[in-house]
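Inside the fold
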Amino acid sequence: MTDDLTPDRLDALLDGDAARTDDERDLLDVAATLRAAAPRPSPTLRGRIDRLGEPTRRARAGRVRHRATAPALAAALVALVAAGVAVRTIDTGPSGGADAPVQPTELRAATGTSPAAAERLEDSAGSAAPSTSGATIVLPAAWTVPATAIAAAVDEIRSLTAERRGTIAVEQGPPVVVTVTVAAGTRDGVAAQIAATLAAAGGTADATTDATTDAPDRLRLVLTAGTSGPPATE
Amino acid sequence: MTVASITVSTIRRPQPAPSFADAAAAHMDAVHRYLTQMVRDPDLAEDLTAATFERAFTRWHRFDPSRATALTWLIAISRRVALDHLRADRRRRAREMRVAGGEPAYVDPPELSGLPPAMAAALDRLTDVEREVVALRVLLDVDGPSAARILGISPTACSTHLHRAMTKLRRELAP
């Protein structure tokens, strides 16, 4: 490089000025050689970095879908809250005070519990049972969802889970078994959202089943493809 | 509309921020190139590139497109990631030397795969800051003021380092 080529001229050349002399052309050749020889990231690294962006895409897609289905979700949530209040009313009604243990027969009458599920509830009620708020089912475990809506519903649950930074495992059935793991403190909120999602998708639930598992951070759902019907919130 | 009002409306219009996924796809190659040039070790460069994007992902909400381009922002992060690593590595080596009670041994820099030997040798003869300036200005096409800001030096110093580096490279690589 000759002394004629000043730092300013070099900057200008690299910023796109055309070469005017052989020296300048040589210099741009060196730059081009350097660029051409630069290594590229491996496919493994690409995959690793691509995966970083995926939750953002899913969450954004989930937000868009939520906006579209907001009215249906709100209606379904109201129905679920009403169901919860109905169960609580049984507990605090004339047959017992606020501290009275729940009688399995009462729960069965209120929720149409099957004998097997009633046994389970009976175990949980016991002689020194907690109040019915502990027995209120926020998210039933067994759902019948229209076959055409089941995939979209699972996608929606996937988005909800991603937004709460949880994990989801889906066993393609039939039936489809979905296991969602989220932070323990957020599980009930996620459960309510999932219930609303499935209700909005036209799903009907077996209200005697409970998606909460022994683990405080996990929900387990069984989705069976079927025909549409009203949500089972009675 | 007067010139003044046009200026105000331009300033107030928020810059559209790209998504993290788009920025990562667009600038992954550049960040990797920069780090390869900086640490001279392909495997380490891959690890540091991944670390850069992991750090950028957790801080993406802080990225302000009105203050810097996504590339400049990512390169600034990658530089901190690399410097943190190099400092930690230096401390580790010093500790090991103290324990071993010996003299620090010279370690050959790993060979950069893909580069012609003459070019790799020429790049090795540059100083650290010269290599960084070449990476930013030549490989990544970052403009002078942005490169100077990333390196924490004045634009004049950046131009001088670049001139010195390109002079050396041209002399080494001349047929």
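Everything discussed here concerns the structure shown above.
Along each chain, residues carry numbers from 1 onward, in the same order as the chain's sequence is written. Here chains are named by letter from A upward and ligands by number from 1 upward, in the order in which they appear as written. Where totals are concerned, whole chains, interfaces and linings use all residues; where local detail is concerned, this predicted model gives features only for residues with pLDDT of at least 70, and gives and counts side-chain atom pairs only at 80 or more. Just so you know, side-chain values use all the structure's heavy atoms and leave hydrogens and water out.

Moving on to the interface of chain A and chain B. In this description, contact between two residues means that some pair of their heavy atoms is separated by no more than 4.5 Å. Across the contact, 33 residues belong to chain A and 34 residues belong to chain B. Interface of chain A and chain B: buried area, both sides summed, is about 3,200 Å²; carbon and sulfur atoms make up 66% of it. One side-chain nitrogen of Lys or Arg within 4 Å of one carboxyl oxygen of Asp or Glu is enough to make a salt bridge. On the surface where chain A and chain B come into contact, there are 8 salt bridges. D11 of chain A is the partner of R137 of chain B in a salt bridge, and the nearest nitrogen-oxygen pair spans 2.9 Å. Elements with a contribution of two residues or more to the side of chain A that touches chain B: α1 (7-14), α2 (22-37) and α3 (43-92) of chain A. If one sorts the elements of the side of chain A that touches chain B by residue count, α3 of chain A sits on top with 10 residues. Three residue categories are used. Nonpolar comprises Ala, Val, Leu, Ile, Met, Phe, Trp, Tyr, Cys and Pro, charged comprises Asp, Glu, Lys and Arg, and polar comprises the others, including Gly. Split by residue class, the side of chain A that touches chain B holds 16 nonpolar, 6 polar and 11 charged. The buried area of a pairing is the accessible area, by a 1.4 Å probe, that goes missing from both parts when the two are put together, added over both. For the purposes of this entry, the term helix denotes a DSSP run of H or I that reaches at least four residues, the term strand denotes a run of E that reaches at least two, and both are numbered from the N terminus.

With that settled, consider the nonpolar core. Inside soluble globular proteins, nonpolar side chains tend to come together where they are buried. Take the buried residues of types Ala, Val, Leu, Ile, Met, Phe, Trp, Tyr and Cys, join any two whose side-chain atoms come within 4.5 Å, and each joined set is a nonpolar core. In this scheme, a residue with accessible area under 20% of its type's maximum is buried, one over 50% is exposed, and one in between is partly exposed, where area comes from a 1.4 Å probe on protein chains only. L34 of chain A together with F53, L136, M166 and L169 of chain B are the most contacted members of the largest nonpolar core, which has 59 residues in total. The dominant element in this core, judged by the number of residues it contributes, is helix α2 (residues 20-39) of chain B, at 10 residues. Discounting chain neighbours no more than four positions away, the residues touching L136 of chain B are Y34, I75, D141, V142, A147, I150 and L151 of chain B.

Below, the discussion takes up helix α6 (residues 128-139) of chain B. Residues and elements named next belong to chain B. A helix is expected to span 1.5 Å multiplied by its residue count minus one. Its 12 residues give α6 an end-to-end C-alpha distance of 15 Å, which sits within 8% of 16 Å, the value for a rise of 1.5 Å per residue. The element α6 is extensively covered by neighbouring structure, given that 10 of its 12 residues are classed as buried. Those residues of α6 lying buried are E130, R131, E132, V133, V134, A135, L136, R137, V138 and L139. Count one or two residues on from α6 and you reach D141, which has phi positive near 60°.

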